[in-house]
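Reading the structure
Each chain, written out:
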Amino acid sequence: MSSDTAPSQDARDHGHGHDGGHGHDHAAAGDPCAGAARDLWSVDEHLADILATVRPLDPIELQLLDAQGCVLVEDVTVPVALPPFDNSSMDGYAVRVADVAGATEEYPAVLTVIGDVAAGADGLPEVGPGQAARIMTGAPLPPGAEAVVPVEWTDGGTGEGAATGMRAASGAPEGAAGEVRVHRAAEAGAHVRRAGSDVRAGELALAAGTVLGPPQLGLLAAIGRGTVTVRPRPRVVVLSTGSELVQPGEELGPGRIHDSNSFALAAAARDAGALAYRVGAVADEAESLRAAIEDQLIRADLVVTTGGVSVGAYDVVKEALTADGRVDFRRLAMQPGKPQGFGTVGDEQIPLLALPGNPVSSYVSFELFVRPAIRALMGLEDLHRPVVRATLKADAPLASPSGRRQYLRGTYDAESGTVTPVGGAGSHLIAALAHADCLLVVPEDRETAAPGDELDVVLLG
């Protein structure tokens, strides 16, 4: 059995944050979600059942780079203003405003250079009347100086025309002394980044609930935070089932197909914010599947299987997971994706979602059920893809089965507010799925959708 590895954060040791049980009792009398006595579950009922069980993962403290993609669980305030001191935004000369007033190329202001001020410098020289200090970008503004004139506004101390840059301090140390001619005037504060102009001490830097991306991690580093308390990215194990499955790159034998679902779902889990483990396809044997799942629980906050959930003689997931009564298999009033399974496995009762094996059914089921579960584990409030209304653009009406919510692949044009179907309704049409950027939804109470009708559209990108 092969598996794709994930970043080192997968080795963390943290609580799962689950509620210790499945979160419902299907045998309870009068339970509106009771599955034993019903024929079909609605999409919304199945999703509600999942979200009632899944709980946000317990917070942990992580180093900044390990926290990328995680959700902050604390408000972070600024301990020291940014920037912490007045500093130069240009390479040039720190000057007093009065000394360069009226300066032109014809009548430059001639100032005495008293030294260099480099980034990180201390023991700053004081700029007095008729003086200037050569200053570098990011260096603190020395006392007495009121503005910075860029080096391009000067002769750079050469006594010639406008400079294009400074001579390197190592090769021309004399540049820190002598005279400089300034060709333009400068107002107070010109090219100076004032202390606290970014954020002030005591201000809120990041609020709890923020997803930490590169800019947020940069801000945390800038204010001196080396670690942060977050909900970790969920670890999602994806298993395909089916003796017919062959890994991509291997030769196909008679009756065999390449395993595509585990790759699509692992990628979708990463896209949702999780750390994904892809496990090689498991043969249609109940004991093999039970053993494979048991092996993976040590690194799983959520398990996703694909295939083997329908009513066939070789639907191994159903056979393997119904024994302990903690995974329910149901039929949903939707197309594609009618057969679904959900429950918990292992001593820690890790949530498991069992998806159909057809590629489109599997992916649509992931978007509707697994993605929200991942985001719930992360502690996010916004669990779902954006939904917009769009006008159907098609050559003919679309048929939809009565009493079932249909999800068709489509392309959405935001400018015109239209959605166009891609491919047919078949749940095996993975090529059409690869060219779609949305799912168009035909509700349960409709059997057709005509061109010009308005429909809900789930945006996938």
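See above for the structure.
Right, let's walk through the structure included here. Residue numbering note: each chain is counted from 1, following its sequence as written. Local features in a predicted model are, by the rule used here, given only for residues with pLDDT of at least 70; side-chain atom pairs are given and counted only at 80 or more, and totals for whole chains, interfaces and linings are based on all residues. The basis for every side-chain value is the complete set of non-hydrogen atoms in the structure, without hydrogens or water.

**Re the layout of surface pockets**
- Only protein atoms enter the calculation, which uses a 1 Å grid: trapped sets of points that fit a 1.4 Å probe without letting it out are cavities, open sets showing protein on both sides within 12 Å along at least five of seven lines are pockets, and any residue with an atom within 4 Å of a point is a lining residue. Grid points are joined across faces, edges and corners, and a volume is the space filled by probe spheres set on the points. Size it by volume and the second largest pocket reaches roughly 400 Å³.
- Considering the residues around the second largest pocket, the lining is formed by 21 residues, among which L368, V387, R405, Y407 and V458 are closest to the centre.
- Think of it this way: any DSSP run of H or I at least four residues long counts as a helix, any run of E at least two long counts as a strand, and we number them from the N terminus. Looking at the lining of the second largest pocket, the elements that each hand over two or more residues are α1 (43–53), α7 (359–378), β22 (387–392), β24 (405–413) and β28 (454–459).
- Its residues assigned to classes, the lining of the second largest pocket shows 11 nonpolar, 1 polar and 9 charged. Three classes are used: nonpolar for Ala, Val, Leu, Ile, Met, Phe, Trp, Tyr, Cys and Pro, charged for Asp, Glu, Lys and Arg, and polar for all others, with Gly counted as polar.

**Observations concerning the sheet that holds strand β2 (residues 71–72)**
- In this description, strands pair whenever DSSP reports at least two bridges between them. Taken in spatial order, the 3 strands make up an open sheet running β1-β12-β2, and their pairing is antiparallel. The sheet is open, and its two edges are formed by β1 (60–63) and β2, each paired on a single side.
- In this sheet, strand β12 (residues 227–231) lies alongside β1 in antiparallel orientation, the contact comprising 4 bridges. For Q63, the partnering residue across the bridge sits in β12 and is T227.

**Re the packing of aromatic side chains**
- Ring geometry is summarised as follows: Phe, Tyr and Trp rings, the Trp one being its six-membered ring, pair when their centres sit within 6.5 Å, and such pairs are stacked at plane angles under 30 degrees, edge-to-face over 60 and tilted between the two. Following the criterion strictly, the structure yields 0 aromatic pairs and no others.
- Sitting above the plane of the W153 ring, R184 keeps its charged end 4.0 Å from the centroid.
- Should the NZ of a Lys or the CZ of an Arg lie within 6 Å of a ring centre and within 35 degrees of the ring normal, that charge is described as sitting over the ring. A cation sits over an aromatic face here: R299 above Y277, 3.5 Å from the ring centre.

**Thoughts on α1**
- Accessibility here uses a 1.4 Å probe with only protein chains present; expressed as a share of the type maximum, an area under 20% marks a residue as buried, one over 50% as exposed, and anything in between as partly exposed. Taken together, the buried positions of α1 are occupied by V43, H46, L47, D49, I50 and T53. Buried residues of α1, seen end-on, are gathered within an arc of 155 degrees and therefore sit on one face of the element.
- The secondary structure elements touched by the buried residues of α1 are β18 (327–331), β19 (334–335), β20 (339–345), β21 (350–355), α7 and β24. Directions pointing from the helix axis toward each C-beta atom define the arc. Two residues qualify as a contact provided that any one of their heavy atoms is within 4.5 Å of a heavy atom in the partner residue.

**Thoughts on the pairing of strand β16 (residues 275–282)**
- Of all 8 residues in β16, 7 are buried, a share of seventy percent or more.
- Here 6 bridges tie strand β13 (residues 235–241) to β16, and the two strands are oriented parallel to one another. Its bridge partner lying in β16, V237 is registered against Y277.

**Focus: the nonpolar core**
- Buried Ala, Val, Leu, Ile, Met, Phe, Trp, Tyr and Cys residues form a nonpolar core when they are joined through side-chain atoms within 4.5 Å. Counting 43 residues, the largest nonpolar core has L302, F369 and I374 as its most contacted members.
- For this core, the elements supplying multiple residues, two or more each, are α1, β13, α4 (261–272), β17 (302–306), β21, α7 and β26 (438–442).
- The greatest single-element share of this core, amounting to 12 residues, is contributed by α7.
- Once you skip the residues sitting within four places of it in the chain, L302 turns out to touch R235, V236, V237, I350, P351, L353, V370, A373, I374 and L377.
- Counting 22 residues, the second-largest nonpolar core is a separate cluster that includes V279, A286, F329 and V345.

Nothing here speaks to function; it is geometry throughout.
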